[in-house]
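Chain residues, written in single-letter form:
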Amino acid sequence: MTNTTSQDRQHGEEQTFEPSAEFAAQANATAALYDEAAADRLGFWAEQARELISWDTDFTDTLDWSDPPFARWFVGGKLNVAYNCVDRHVEAGHGDRVAIHFEGEPGDTRTITYADLQREVSRAANALAALGVVQGDRVAIYLPMIPEAVISMLACARLGAAHSVVFGGFSSDALRSRILDVQAKVVITADGGYRRGKPSALKPAVDEALAGGDTPVEKVLVVERTGEDVAFDAERDLHWAEALAAQPDTHEYESFDSENPLFVLYTSGTTGKPKGILHTSGGYITQNAFAMRTVFDIKPETDVFWCTADVGWVTGHSYVAYGPLAAGATQVMYEGTPDTPHRGRWWEIVAKHGVTILYAAPTAIRTAMKWGDEIPAEHDLSSLRLLGSVGEPINPEAWMWYRRVIGGDRCPIVDTWWQTETGAHMIAPLPGVIATKPGSSQRALPGISVAVVDDTGEPVERNVAGYLVITEPWPAMLRGIYGDPERFKDTYWSRFENMYFAGDGARYDDDGDIWFLGRVDDVMNVSGHRLSTAEIESALVSHEAVAEAAVVGAQDETSGQAVVAFVILRGGEEQTEGTVEELRAHVGREIGPIAKPKRVHIVEELPKTRSGKIMRRLLKDVADNRLVGDATTLADSSVMDVISASVAGEK
Ligand code: WTA
């Protein structure tokens, strides 16, 4: 059953939605912001930094771009990011304001005020300091979506140590390689979390990742969440609750340089090895506080903000941990899946807490759409006033459904384009100012300069596909790839001169609005999660039965893309009934369940050019059920016929 009305389908790029007079009248953003930023971009950002953030020492220069692409923002400024997210709101008299309404998947709840958060973060910072964590250290965080995740991140920030959050859905291998790359001294984890109605263990993966004792990890802090039995190493492991209880609930913070590392977050690239994206303090927090104010129109006294992303992804870093708290807002944090214990769970939470701003991924919106209008209709969604979308292009049909069924035709939708690397929103309509358009992220935010260019770096004409580039440095930009400055230059700054290459295809429409066309590299986007074809291929070939593998992202109605693998077995290996399932499980163990191929096709050959390069484009045609494109550059042009026939034979 699909529940889209013909009205949802018809609307396309010709239609725009003016903000209501009521919304526009109260909006934080104004059209003048674009002019101000255009007139003096650096002056504009300096003003935002001073207005939105508390500095212990003012900065002397806004930007040092003397050694591109290595930027320094708000040079000479000193601040403490955790102070900005917590203490200053308490000092301003808002200690009783709820910072986090936590909803556990099994139905348990917690209400954490800013004063509570200040005490918890202080205790956690003291506990980490007692374990020897100091400025410049790295701490790995491998937790479910529970308040301790945010508390841990802020405790690191408070000490000037960088955190590296590893998504709880990643495997022990993935965790281990990140711990080694970032050289983490401490790991913060939990016994487990709740997922789809059941406890799902985390601690055993940490034990596996650290087995052998050859990592720099000295201590593991373990939050008790599920109460399930887990192994405990008396030398290495500590109970979070005990470690915190032993500490005072106050902590004197130090101020750190604006460029002090705040976190390293790993993301998939075009090679098999994930990149540790490095973010620093002053610019990151400024641009996110700006996004909260203008893109999310946040009114900290009255709004209830809910970003549904996991803290394991950048969206959870910027719009669960840092942005809402820097803004002094009240937010909802939900541990589990949207359909546990029933498919109305999200809408029940919106109604319960009177959520006013909801930020979710198109894949979740399409899933809700598939489940049917009657499910959200059972809940009172009238508190909502603004909706956001992130992670992948949102098709106009899903956009219209989101607007009509969830937003009651009254809420502006902000389709926010950004990346782990950009740290904060880059392209989105300013609500209350811009008439929104289904399917388009529209235009760069004030103070952000982007272009869509052709192969030679020249701006494309309207309605011509090109590459999205960022033409000027921005405050929340990545400062590099952890430990690999050359890769940083090669990946982002070598494709075009003096421009940041985002890896996304895009075009301008007749109004000059930007439409995203998906990735132009070998990065897939599955349910808004970035996965690398190369990483999954190397996981597959690490299986003893596999000789060669090629992975493509096939079109998928719900998840945007789906992982489809083409695999050649080693000589002597027979395909049995269990082969495909075994290979899927193997990828799950190597990387994590999110990377498991939806389909695995066992083939005799892969399409290769004369120089031996696999032509994934042709495999994508097969996966998408399309007529196979031009195969004339293949070394053996009959290969595609064989593959198509064999895939067709499986159906
Ligand atoms: C894609 C997530 C179209 C894009 C914040 C980008 C989008 C990648 C949008 C980054 C959007 C994100 N419209 N595409 N609104 N938002 N993307 O690093 O391909 O997990 O390069 O950051 O997601 O994914 P990442």
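Scroll up to find the structure this text is about.
To keep things clear, this report deals only with the structure shown in the data block. (Residues numbered from 1 in each chain as written. Predicted model: local features only at pLDDT ≥ 70, side-chain atom pairs only at ≥ 80, totals over all residues. Heavy atoms only, no water.)

## Concerning unusual backbone geometry
Then, number 1: Note the cis peptide between P68 and P69, where omega equals 5°.
Then, number 2: Mapped onto the secondary structure, P69 falls in the loop between strand 1 (61–67) and strand 2 (70–75).
Then, number 3: With an omega dihedral of 0°, the bond running from T340 to P341 counts as a cis peptide bond.
Then, number 4: Structurally, P341 is set in the loop between strand 17 (330–334) and helix 13 (345–353).
Then, number 5: A positive phi angle, near 60°, is found at D409, a position not held by glycine.
Then, number 6: Mapping D409 onto the fold places it in the loop between helix 16 (396–406) and strand 20 (413–416).
Then, number 7: Overall, the relative accessible area of 40% leaves D409 in the partly exposed class.
Then, number 8: With phi around 65°, N625 is a residue other than glycine that occupies positive phi space.
Then, number 9: Position of N625 relative to the elements: it lies in the loop between helix 20 (616–623) and helix 21 (639–650).
Then, number 10: Overall, N625 belongs to the exposed group, its relative accessible area being 61%. (Helix = DSSP H or I, 4+ residues; strand = E, 2+ residues; numbered from the N terminus. Buried < 20%, exposed > 50% of the residue type's maximum accessible area, 1.4 Å probe, protein only.)

## Brief notes about the side chain of D624
Then, number 1: Here D624 is to be found in the loop between helix 20 and helix 21.
Then, number 2: A relative accessible area of 14% means that D624 is categorised as buried.
Then, number 3: Side-chain polar atoms of D624 contact the backbone nitrogen of Q555, separated by 2.7 Å.
Then, number 4: A polar contact is formed between the side chain of D624 and the side chain of R626, at a distance of 3.1 Å.
Then, number 5: If sequence neighbours within four positions are ignored, D624 has contacts with A554 and Q555. (Polar contact = N/O pair within 3.5 Å; in protein donor to acceptor, adjacent residues only side chain to side chain. Contact = heavy atoms within 4.5 Å.)

## Here we look at the nonpolar core
Then, number 1: Ranked by internal contacts, the top residues of the largest apolar core, which has 129 residues, are L154, Y319, Y322 and L468.
Then, number 2: When neighbours within four sequence positions are excluded, L468 is seen to be in contact with W417, I427, V450, A451, V452, Y500, F501, A502, D504, A506, I514 and F516.
Then, number 3: The next biggest cluster of nonpolar side chains, apart from the first, holds 43 residues, and it includes F170, L175, A209 and L531. (Core = buried A, V, L, I, M, F, W, Y, C linked by side-chain atoms within 4.5 Å.)

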